[in-house]
Amino acid sequence: MAWNSLQQQIAYMRQSFFDEGILNEQFIRLESLEDERNPNVINSMFISYFTHAQNYFLNIDRAVRRTKVNVAKLDSCLRKFKHSSDSCGAQKMMNGIDQMLQCCWSWRESTDDEERLRIALQSLKAEYNTLKNKMEAYLELLRQATPAHSSNPPSNGTAGGHG
């Protein structure tokens, strides 16, 4: 009975990622790469993503805190961060990065631009914290389910849970 409850928790949590727009179909593609020889694709991908994200945030913070924002440098860093987010299916992160990129593209060095950029950055950090907390909890549930059973997460058979 406990095993069924754990499987239901995993399935519910996985579905919530899609229902809330946190993840997209790329995550499903990553899941499909997992097999007996590569059972930890998702875990490895997100550990790497979270590590790199910390560096991206450091660089973004530095660029935004400068007296004169280096928009070109910020744009470059944001594009790399977006590519990294896309590779693991972190849809809400990509949306938040797009908001910051829009600020860069419309930059006119006014106080309003700086404020919009800071607000977008705070929003992006909040999305990141949500993703990280939820994904770490999900990965922990997968680890709990893995020792006695297959590491492939349960699926209700729908792509992205919509259908």
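Positions within a chain are numbered from 1, following the residues in the order the chain's sequence is written. Since the coordinates come from a predicted model, pLDDT governs what is reported: local features require at least 70, and pairs of side-chain atoms require 80 or more to be given and counted, while whole-chain, interface and lining totals use all residues. Side-chain measures here rest on the full set of heavy atoms in the structure, leaving out hydrogens and waters.

Caption draft 1: Here's a closer look at the overall build of the protein chain. The helix and strand labels rest on DSSP assignments: H or I over at least four residues marks a helix, E over at least two residues marks a strand, and numbering proceeds from the N terminus. Along the backbone of the protein chain there are 6 helices and 0 strands. The order of α-helices and β-strands along the protein chain, N terminus first, is α-α-α-α-α-α. Partly exposed describes any residue whose relative accessible area lies between the buried limit of under 20% and the exposed limit of over 50%, with all areas from a 1.4 Å probe on protein chains only and scaled to the type maximum. Here the protein chain, with 163 residues, has 40% of them falling under the buried criterion. In this description, contact between two residues means that some pair of their heavy atoms is separated by no more than 4.5 Å. A separation of at least 24 residues holds for 71% of the contacts in the protein chain among residues at least 6 apart in sequence. Areas reported here follow the Shrake-Rupley algorithm with a probe of radius 1.4 Å; residue values treat only the protein chains shown as occluding. Carbon and sulfur atoms make up 50% of the accessible area of the protein chain, which totals about 9,300 Å².

Caption draft 2: The arrangement of the packing of aromatic side chains in detail. Note on ring pairs: Phe, Tyr and Trp rings are taken, using the six-membered ring of Trp, and paired if centres are within 6.5 Å. Classes follow the plane angle, with under 30 degrees stacked, over 60 edge-to-face and the rest tilted. On inspection of all chains with the given rule, the structure shows 13 aromatic pairs. Each residue in the set Phe-17, Phe-18, Phe-27, Phe-46, Tyr-49, Phe-50, Tyr-56, Phe-57, Phe-81, Tyr-128 and Tyr-138 is aromatic and connected to the rest through ring pairs, giving one cluster. Between Lys-132 and the ring centre of Phe-50, over which it is positioned, the NZ or CZ distance is 5.7 Å. We count a charge as sitting over a ring when the NZ of a lysine or the CZ of an arginine lies within 6 Å of the ring centre and within 35 degrees of the ring normal.

Caption draft 3: Summary view of helix α3 (residues 41-65). Helices are assigned an expected span. That span is 1.5 Å times one less than the residue count. The end-to-end C-alpha distance of α3, which contains 25 residues, comes to 36 Å, matching closely the 36 Å that a straight helix rising 1.5 Å per residue would cover. What α3 keeps buried is the set Ile-42, Asn-43, Phe-46, Tyr-49, Phe-50, Ala-53, Tyr-56, Phe-57, Ile-60, Asp-61, Ala-63 and Val-64.

Caption draft 4: Representation of the side chain of Glu-34 in the model. Considering the arrangement of structural elements, one finds Glu-34 in the loop between α2 (25-32) and α3. Positive charges are assigned to Lys and Arg, negative charges to Asp and Glu, while His and the chain termini are left out of the count. Salt-bridge detection follows one rule: a side-chain nitrogen of Lys or Arg within 4 Å of a carboxyl oxygen of Asp or Glu. Although Glu-34 lies buried, it forms no salt bridge, and the closest oppositely charged side chain, Arg-14, sits 9.4 Å away as judged by the N-O distance.

Caption draft 5: Geometry of the environment of Glu-20. Assignment of secondary structure puts Glu-20 in the loop between α1 (2-19) and α2. Classification of Glu-20 by relative accessible area gives partly exposed; the value is 36%. Sequence separation of Glu-20 and Lys-92 is 72 residues, and the distance between their C-alpha atoms is 8.9 Å. In this structure Glu-20 touches Lys-92 and Lys-134, once residues within four positions along its chain are discounted.

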